Each structure stands twice: as C-alpha cells, then as structure tokens.
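Chain and residue survey
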Amino acid sequence: PSESPGGGRVFSGIQPTGVPHLGNYLGALENWVALQNQYPSVLYSIVDLHSITQPQEPAQLRSNILDMAASLLACGIDPERAILFQQSRVSEHAELSWILSCLTSMPRLRHLPQWKMKSKQKNEGSVGLYTYPVLQAADILLYKSTHVPVGEDQVQHLELAQDLARIFNNRYGDLFPEPAALLSSTRKVKSLRDPSAKMSKSDPQAMATVTVTDSPDDIALKIRRAVTDFTSEVTFDPETRPGVSNLVTIHAAMAMIGVEEAVQQARGLDTGEYKKLVTEAVIQRLAPIREEIERLRGDRAHLEEVLDQGARRARELAAPVLREVRHRVGFC
C-alpha cells in the first residue's frame, strides 16, 4: 500500500549479524526505510534474543549489535520516525513469549520451516531454536502490531503469530489485533558463487556475498568473478540462467529501474562487459552508506544513545500491554 489504511503499526526485526549484505539491504532494509513514511507507528528491532539460538561469541555479539545499529541508520532508518531498539533491552518480549508458549502445542512448532531446516543441519537444535517462532510472535503481538513485512520464508511464522493472537483472544478476551503480512515485492538476491542459494552472511565462500561496507575494489572483484554461464548475451531468465539473472536483479534494484530496463541497457554487451555496468550501479548506491557507517562506527556514544532512547520508547509501548496480559491471565 502506498499509504497505510487508517493508521496501523509495523513491527519487524533483524538479527545482529554485523554489517548487512546486499540481500538484507534489497530484501528488507530498503523496504523498512519506505515504510517509515507510510505508517504512523513503526518499530524495528535488532533481535539479539533470537541470535543466540546459534552460538555467539559475547564480544562479537556486542560489536555486531552496534554495527547493525550503525548500518540501519546509514541505510536511512530515522530514529525520530521509527523506534529502533535492541530486543533484549525490553524484557517484556521474553515474558510474553513464555505466556504464549504455554498456548502453543509441540506439533504446531515441529512443522515450521526454520526448525526443519536448522535442526537438520545441527542434528538436534536447541529448545530456543525450537520455540524461536513463539518469541517472534511475542515480538509482534507485544506492540499490538497490525502489519509485519515478511519474506516468503517467514510467512508460516507470521501465521503462528496470527494463531496465537486468536487463541489468546478466545481464551482471555479480545486484546491483540491479528497482524497482516506486508509481502515485499523485492526479488531474492542469490549468492554470487552459487545462484541456486540465497546470498548469506554465513557463506563459507567470501566471494559469494557483497556487504554494504565492501570497498569499490572488493565489489568489482566479487562481481567480476560472479558465476554466469556460457552464453554471452544478457537475458533475464531465473530458471535457466540463474547467475546472469541474479546480476540483472542486482543491477535493476541498485539502479532503481525495472528488470526490462536493465536488460535494455545490457544490449550489445557480453556478460563480462555487463558486469562492469552492474559494478558501477552497486558502488554508486553503496558508497554513501559505507561512508556513513564508518562515520557512525567512530561515534559509539551516539549509537548507544539511539539504542537507549529506542529501548525507552519501546518499553513505554510494551509495559501497558504486558500489564494487561498479566491481568487477563490471572497473575494480578
């Protein structure tokens, strides 16, 4: 929607993975920046409680949280318009999560995609990884959020939040609105080394992922080495030509043009020459963000002040809701 239907509140979270990569930027953050102007109330959380479902080095986690905060500000999140906060600083998230977990059955969680995928890799995931979607539901419901920007891979998790809103309301009387999905139209950015997989921070191949702080030389090298195929002309066909199509997706998104227009611009170029065009578009778009992240990293006091203020404002919204939940449940 270009404007919000009569108000509403948006909630979204991002893991503190340090500096975001191109996939995060185009898949979520660009959309987050736009939503600030479309809804009267917007909350963006750096979800550190979620991040410890995988082992984290404490010192690294601390620095990743600040790096993520710097990155969000540099990408255009405005702490005056959005409440930007660190999840663990608002203890109501964990408390509501416990209450909701008592309304959730085991089989309901067992079939969720994240658990299936991650526990397979790990053999056996932690209890936290298993109940992670309940915490996600708590994140959303705690603020009585009405809209949640999600990628396709998170739709089932949002459905759990909708179910839990219904279950709570049925048992304890109406309290939570049922949050609706805001499916963003952005196409998925794939790994530069393996275009069948999505771009990921944890990719063992350094050349697979462009982060928003990569230097122009790094960006040029990674795109030059990006996997394509043996046809030299540039076309957009994600099924049969995933590598080239991924470059077209990146080019179109970074140059803020349509895919058709990107393919037009590539006419008469072979893939090698086209990669230079893509590189230019990426560098041009990321340069100001990279400079701003560097500047903010040098101003730790400011980052901490932004997160302090965000935590205060988030708590002001969360506390009365949780008070009401406690009362309805019968704790007081």
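Residues numbered from 1 in each chain as written. Predicted model: local features only at pLDDT ≥ 70, side-chain atom pairs only at ≥ 80, totals over all residues. Heavy atoms only, no water.

Put simply, the rule reads: UniProt positions are given in the numbering used here, feature names are shortened, and annotations may be inferred rather than shown by experiment.
For the protein, the name recorded in an unreviewed UniProt entry is Tryptophan--tRNA ligase, mitochondrial, with Labrus bergylta as its organism. Reading the Function (unreviewed entry) entry of the UniProt record for the protein gives the comment "Catalyzes the attachment of tryptophan to tRNA(Trp) in a two-step reaction: tryptophan is first activated by ATP to form Trp-AMP and then transferred to the acceptor end of tRNA(Trp)." As stated in UniProt under Catalytic activity (unreviewed entry), the record for the protein gives "tRNA(Trp) + L-tryptophan + ATP = L-tryptophyl-tRNA(Trp) + AMP + diphosphate + H(+)".

**Section: the packing of aromatic side chains**
Note the threshold: Paired rings are identified among Phe, Tyr and Trp, the last through its six-membered ring, by centres lying within 6.5 Å, and are further divided according to the angle between planes into stacked (under 30 degrees), edge-to-face (over 60) and tilted (the rest). For the purposes of this entry, the term helix denotes a DSSP run of H or I that reaches at least four residues, the term strand denotes a run of E that reaches at least two, and both are numbered from the N terminus. To sort residues, take the accessible area from a 1.4 Å probe on protein chains only and compare it with the maximum for the residue type: under 20% means buried, over 50% means exposed, and anything in between is partly exposed.
Considering all chains together, one arrives at six aromatic pairs under this definition. Each ring, one from phenylalanine 11 and one from tyrosine 143, has its centre 5.8 Å from the other, and the planes form 10°; the classification is stacked. Of the two residues, phenylalanine 11 is situated in strand β1 (residues 9-14) and tyrosine 143 in the loop between α7 (127-141) and β4 (147-150); the sequence distance between them amounts to 132 residues. By relative accessible area, tyrosine 143 is classed as buried at 1%. Ring centres 5.8 Å apart and planes at 65° place the aromatic pair phenylalanine 85 and tyrosine 143 in the edge-to-face group. A residue pair is termed long-range when its members are at least 10 positions apart, and phenylalanine 85 in strand β3 (residues 82-86) and tyrosine 143 in the loop between α7 and β4 qualify at 58 residues. Tyrosine 143 matches phenylalanine 85 in its accessibility class, with the two residues each being buried.

**What to know about the domain arrangement of the protein**
What counts is decided by this rule: These domain limits were set by an automatic method or by a database of domain assignments. A contact between two residues is defined here by any heavy atoms of the two lying within 4.5 Å. When two parts are brought into contact, each loses some accessible area as probed by a 1.4 Å sphere; the total of that loss over both is the buried area. Within this document, salt bridges are pairs made up of a side-chain nitrogen of Lys or Arg and a carboxyl oxygen of Asp or Glu, the two lying within 4 Å of each other.
If you check the domain split of the protein, you get domain 1 (9-187 + 300-329) and domain 2 (206-295). On the domain 2 side, the residues contacting the twelve residues of domain 1 number 17 residues. Each partner contributes to the roughly 1,200 Å² buried at the junction of domain 1 and domain 2, and carbon and sulfur atoms together form 75% of this total. The tally of links between domain 1 and domain 2 comes to one salt bridge. Residue glutamate 30 pairs with arginine 285 through a salt bridge whose shortest N-O separation is 2.6 Å.

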